[in-house]
Amino acid sequence: MVPMLSQNGICFDFIATMPPTTFSSEIEKLIAEGAETYKAIMGSTAKVLVLHGEIQTMIVLRWFLRLPDLEDISVKENGKIWILTAQMDFTSLPFQRNWDISFVHGALSFAVHSVELLGFQKFLQEKNLTSEKEDGFIRQFWQQAFLCSFSNYTVDKKGGEICTGEEKLKDLPGSVFETITTTHSYSIYNGVYAVVYALQAIWSSSFKYRATIHGGQWNLLDQEWWQVQAECLTVWLQLSSTLKILAHYNEFCREHACTKRLLSFSDLNECSQCPEGQYPDKDQNLCLRKDISFLSYEEPLGISLATLALSFSFLTALVLGIFIKHQDSPLVKANNRNLTYTLLISLLLSFLSALLFIGQPEKVTCLLRQMAFGIIFSVAVSCVLAKTVIVILAFMATKPGSEMRRWVRKELSSSIVIACSLIQATICTVWLATFPPFPDFDMHSMTEKIVLECNEGTVVMFYCVLSFLGFLASISFSVAFVARQLPDSFNEAKFITFSMLVFCSVWVSFVPTYLSTKGKSMVAVEIFSILASSAGLLGCIFFPKCYIILLRPELNTKGQLIKRNN
C-alpha cells in the first residue's frame with residue numbers, strides 16, 4: 001500500500017501498526033504498547049488516517065480509541081477523518097456493544113458492490129430458534145445478541161433474562177446486528193454460487209447416466225479439487241463482470257414464462273434449460289438431479305403384486321395337485337385330462353411370469369418378459385379353445401351316421417394348441433430378431449424422475465402379440481357361447497364362456513389404461529392385467545370342479561353322469 005501512495009503523490013506522516021487481536025496473559029504489556037501508539041497517532045498533525053485492516057480490525061479500533069479511559073494519556077483525540085478499507089466490517093465483542101461509536105460518524109469506507117438479495121432480509125428478520133435446535137452456534141449467538149440465557153442456573157447466578165427463542169433479530173439495533181445484505185454476506189453468496197455452478201458444470205459435462213444395482217441410485221463422479229477451482233475461477237470472472245446478474249436472475253425467470261426445465265444464467269436476458277437428467281426446483285433457480293424410478297420389490301406396490309403372483313401360483317399348483325390325485329374320476333376324464341393339465345401348468349407359469357416385470361430392468365429380463373407373457377398366454381387360451389371345440393364335436397358325433405367321429409381325437413386338441421402356440425412363437429421370434437427389447441432410460445415422461453424401463457424396441461410387435469391373443473380369446477368366447485346350451489353333466493362350456501368374458505374385459509380395458517399411465521405405473525397395469533385375466537380363467541373354469549371333487553363327491557360318479565344325460 002505504501003508504494004501505491006508514493007506513486008500517486010500522496011504524502012504520509014507516519015506508519016503505525018495497531019496491536020493484534022489476541023487473548024494473551026500479557027495484557028498489561030499490550031495496553032502499554034497500545035498507549036504509545038495512541039499518543040503517536042493522535043498527537044500527529046495529520047487530519048486523515050487510512051486504516052488498512054481485516055474484518056476483526058474494528059474490534060481493535062474500538063478498544064484502541066477507549067485507551068484514554070483506561071490509561072493516563074494526556075493526548076486527546078482532536079478530530080480525525082478515518083478512511084477504512086473494504087475488508088473491514090462493523091464487528092464488536094459483546095462487552096463493546098454499549099461503547100461510543102461516534103468515531104464512525106463522518107468516516108469514509110470503501111465498499112464492495114452488493115445487491116440486496118431477494119428474501120434475505122425477511123429470512124433474517126423472521127428467524128427464530130424453533131427450527132434450529134441442533135445448531136449450537138446460533139444458541140451462543142442468541143444469548144450474546146439478546147443478553148439472555150437458556151440456563152436457569154446462569155440467570156439465577158448472574159441475573160438477566162431467560163431466552164425464549166421467539167426473539168426477533170429485526171428488533172436488534174443496527175450496531176449489534178445488521179439484517180440488510182452486507183458486502184461480506186453478498187461475497188459469500190457469490191462464492192457459494194460460484195462453487196455450485198462449477199460443480200454443476202463439471203457434473204453436466206462428464207456425467208453418464210448410470211444406476212447402481214442396489215437401490216437404483218446415481219453413482220456420483222469423484223472430482224479433483226483443481227477442477228472445481230478452475231471452474232470456480234471461470235464462474236467468478238463471469239460474476240465479477242456482471243455483478244447484478246444474480247439479483248436479477250430469479251426475478252427475470254419468474255416474470256418470463258420459464259417453467260418446467262431451466263437454469264443457468266449465461267445471459268441476463270435468457271433462462272436456459274436444465275441439462276437432461278435434471279429438473280428445476282420450486283423457485284426455478286437451481287437444477288436438481290432426477291431420481292431413478294422403477295417398480296422394485298422394496299416398495300409397497302411391488303411387494304403387493306409379487307405376493308399376489310406367488311399366492312395365485314400356489315393356488316394353481318394346489319388345484320393341479322387335486323386334479324392329478326383324482327385323475328381317474330369321471331369329472332376329470334370327461335373334460336380331457338391332458339388339456340386340463342396343460343391349461344393349469346400354463347396358468348401357473350403365467351402367474352410366475354408376472355415376477356419378471358418387477359425389479360430393475362436388465363437385458364435378460366427385458367428379452368424374456370414380453371415373450372414369456374405372449375407364448376404362455378397363447379398356450380392357455382388355445383387350451384380353452386381346444387376344450388370348447390372338442391365339446392362341440394363330441395355332441396355332433398353322437399348323431400347317427402355323423403362323420404365327425406373321426407375328428408374327436410386327442411390329436412385334434414393337441415394340434416390346435418401347438419398351432420396357435422407356434423404362431424405366437426413365430427411373432428415373438430421375429431420381434432427378437434428385428435427389434436429386441438432392451439433396458440432404457442425415459443428422461444421426459446416424468447418431471448422429477450428418470451424412469452428405468454424396458455424399451456419394447458417397437459410398439460408394433462408388442463401390439464401384434466396382444467392382437468393375436470385377442471383373436472384367440474374372441475374365437476374361444478364365440479365357440480364357448482355357442483356350446484353353452486349343450487346338455488351334459490360335465491359340460492364346462494358355460495364356465496369357459498364366463499371365463500373368456502372376464503379375460504376379454506380385462507385386456508380390452510388394459511389398452512387405454514396402459515396408454516394413459518407413465519413410469520412404473522405402466523408396468524403395474526400390465527402385471528395387474530396378467531394376474532386378473534389368469535385368475536379369471538382359474539376361478540371360472542376350475543373352482544366349480546374343485547367344489548364337486550372335494551365337497552360333492554356323490555356327483556362325481558359315472559352313474560350320475562348317465563343319469564344327467566338321460
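For the structure given in this document, a descriptive report is provided here. (Residues numbered from 1 in each chain as written. Predicted model: local features only at pLDDT ≥ 70, side-chain atom pairs only at ≥ 80, totals over all residues. Heavy atoms only, no water.)

**Here's the deal with the sheet that holds strand β1 (residues 48-51)**
Stage number 1. The three strands are arranged β1-β2-β3 in an open sheet whose pairing can be described as parallel. Pairing within the sheet leaves two strands with one partner each, and these edge strands are β1 and β3 (108-109).
Stage number 2. Where strand β2 (residues 81-84) and β3 come together, two bridges link them in parallel fashion. Residue pairing in the sheet places I83 in a bridge with L108 of β3. (Pairing = 2+ DSSP bridges. Helix = DSSP H or I, 4+ residues; strand = E, 2+ residues; numbered from the N terminus.)

**A closer look at the sheet that holds strand β10 (residues 449-455)**
Remark on secondary structure: sheet strands pair via backbone hydrogen bonds, oriented parallel or antiparallel.
Stage number 1. Across the sheet, three strands lie side by side as β8-β10-β9; this open sheet has mixed pairing. The open sheet has two free edges, formed respectively by β8 (291-293) and β9 (438-442), since each of these has just one partner strand. With direction set aside, neighbouring strand axes in the sheet form an average angle of 30 degrees.
Stage number 2. Direction of pairing for β8 relative to β10: parallel, over a ladder of three bridges. Looking at the pairing, S293 lines up with V451 of β10. (Axes fitted to C-alpha atoms, helices over the stretch in contact; angles between N-to-C directions.)

**Some details on the packing of helix α13 (residues 337-353) against helix α18 (residues 520-551)**
Stage number 1. Axis separation between α13 and α18 bottoms out at 9 Å; the angle between their running directions is 155 degrees. With respect to each other, α13 and α18 are oriented roughly antiparallel. Considering the relative orientation of α13 and α18, their crossing is left-handed. When α13 is examined against α18, the residues T340, L343, L344, L347, S350, F351 and S353 are found in contact with a partner set consisting of I530, L531, S534, A535, L537, L538, I541 and F542. (Parallel < 35°, antiparallel > 145°, perpendicular 65-115°, else oblique. Left-handed = near helix turned anticlockwise from the far one by under 90°. Contact = heavy atoms within 4.5 Å.)

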